[in-house]
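One-letter residues, chain by chain:
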Amino acid sequence: LTKATDIDKVYDGSTSSVLGTNYALTDLAAGDKVQLTADGSYASKNAGAQNVTYINLKLDNGNYKLADTVTSLTGTGTITPKTITAAVTGSVTKTYDGTKDAAVLGTNYQLTGLVEQDSATLTSAAGTYNSKDVATATTVTYGGLTLDNANYTLGAATSLTGAGTITPKTIT
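Structural notes, computed from the coordinates. In this text the structure is predicted, and so the values were computed from the model without any measurement. (Residues numbered from 1 in each chain as written. Predicted model: local features only at pLDDT ≥ 70, side-chain atom pairs only at ≥ 80, totals over all residues. Heavy atoms only, no water.)

### Digging into the side chain of Ser-131
(1) Moving on: Within the fold, Ser-131 resides in the loop between strand S12 (126-129) and strand S13 (139-143).
(2) Moving on: Looking at Ser-131, its side chain comes within polar contact range of the main-chain nitrogen of Asp-133, at 3.1 Å.
(3) Moving on: At 2.6 Å, the side chain of Ser-131 forms a polar contact with the side chain of Thr-136.
(4) Moving on: Not counting chain neighbours up to four residues away, the residues in contact with Ser-131 comprise Lys-100, Thr-136, Ala-137 and Ile-166. (Helix = DSSP H or I, 4+ residues; strand = E, 2+ residues; numbered from the N terminus. Polar contact = N/O pair within 3.5 Å; in protein donor to acceptor, adjacent residues only side chain to side chain. Contact = heavy atoms within 4.5 Å.)

The following block contains the structure:
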């Protein structure tokens, strides 16, 4: 039995690991097939490279048994961040000020795909209306998106667009 390697999974909020075929059994008779099952866990539930340990090792072929000294199997693996999506909710509104600048993203967004009981906060570097004028401003685009939870990624998304309005400025 050789060391488990390349045991990778996408973040799911747990330390559990499936052994799959990430091992090699040696000294088998020609043509024999033997599967190994085990209970596995990563050192941490969080994304990143880490050690993985398997216990309760069992072979599915009664012609073989593991040596008495083989009680666990260790290896290395990586939990990759889970890709989630973001959307602007509601409409972003401001009073006319002659610029296309929009307020900071704040809390008017929704993140979809988080693991139950996890949370993440989305921030943006800047927001921009598609027009500075009341009559033609209909959308706001936020760029420079970042998440505060390393277990998640927005994938290729670099901006987020939603509804936006500019109301007329009252003058006296």
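### Concerning the environment of Gly-90
(1) Moving on: Looking at the secondary structure, you find Gly-90 in the loop between strand S7 (85-88) and strand S8 (92-95).
(2) Moving on: Residue Gly-90 is classed as exposed on the basis of its relative accessible area of 59%. (Buried < 20%, exposed > 50% of the residue type's maximum accessible area, 1.4 Å probe, protein only.)

### Remarks on the packing of aromatic side chains
(1) Moving on: Tallied over the full model, the rule gives 1 aromatic pair.
(2) Moving on: Arranged with centres 5.4 Å apart and planes meeting at 80 degrees, the rings of Tyr-11 and Tyr-152 form a pair that is edge-to-face. Placement of the pair is Tyr-11 in the loop between strand S1 (4-10) and strand S2 (16-17) and Tyr-152 in strand S15 (residues 152-153), with a sequence separation of 141 residues. You'll find Tyr-11 and Tyr-152 in the same group, each marked buried. (Phe/Tyr/Trp six-rings, centres within 6.5 Å; stacked < 30°, edge-to-face > 60°.)

### Some words on the pattern of salt bridges
(1) Moving on: Counting across every chain of the model gives 4 salt bridges.
(2) Moving on: One salt bridge in this structure joins Lys-94 and Asp-97, with 2.8 Å as the shortest N-O distance.
(3) Moving on: Judged by its relative accessible area of 14%, Lys-94 falls in the buried class. (Salt bridge = Lys/Arg side-chain N within 4 Å of Asp/Glu carboxyl O.)

### What to know about the nonpolar core
(1) Moving on: In this structure, Tyr-54, Leu-122 and Tyr-142 are the most contacted members of the largest nonpolar core, which totals 32 residues.
(2) Moving on: Going through the elements one at a time, strand S3 (36-42), strand S4 (48-59), strand S5 (73-80), strand S10 (109-112), S13 and strand S16 (159-167) are the ones with two or more residues in this core.
(3) Moving on: Excluding anything up to four places from it in sequence, Leu-122 contacts Ala-86, Leu-105, Gly-106, Tyr-109, Leu-111, Leu-145, Thr-146, Leu-147, Leu-154 and Leu-160. (Core = buried A, V, L, I, M, F, W, Y, C linked by side-chain atoms within 4.5 Å.)

### Considerations on the pairing of S8
(1) Moving on: Side-chain alternation along S8 places Val-92 and Lys-94 on a buried face and Thr-93 and Thr-95 on a face that remains uncovered.
(2) Moving on: As defined by bridge partners, S8 adjoins S16 across 4 bridges and the pair is classed as parallel. By the bridge assignment for S16, Thr-95 is matched with Thr-167. (Pairing = 2+ DSSP bridges.)

### With respect to unusual backbone geometry
With glycine set apart, most residues show a phi of negative sign, and most peptide bonds adopt trans.
(1) Moving on: With a phi close to 70 degrees, Asp-27 is a non-glycine residue in the positive phi region.
(2) Moving on: Of note, Asp-27 is situated in the loop between S2 and S3.
(3) Moving on: You can call Asp-27 exposed: its relative accessible area is 74%.
(4) Moving on: Phi is positive for Gln-117, close to 75 degrees, though the residue is something other than glycine.

### Considerations on the sheet that holds S8
Across a sheet, paired strands are connected by hydrogen bonds in the backbone, their directions being either parallel or antiparallel.
(1) Moving on: Strand order in the open sheet formed by 5 strands is S8-S16-S13-S12-S9, and the pairing between neighbours is mixed. Strand pairing shows two members of the sheet lacking a second neighbour, S8 and strand S9 (101-102), which therefore form its edges.
(2) Moving on: As judged from the 4 bridges shared by S12 and S13, these two strands associate in the antiparallel manner. Bridge assignment links Ala-126 to a residue of S13, and that residue is Gly-143.

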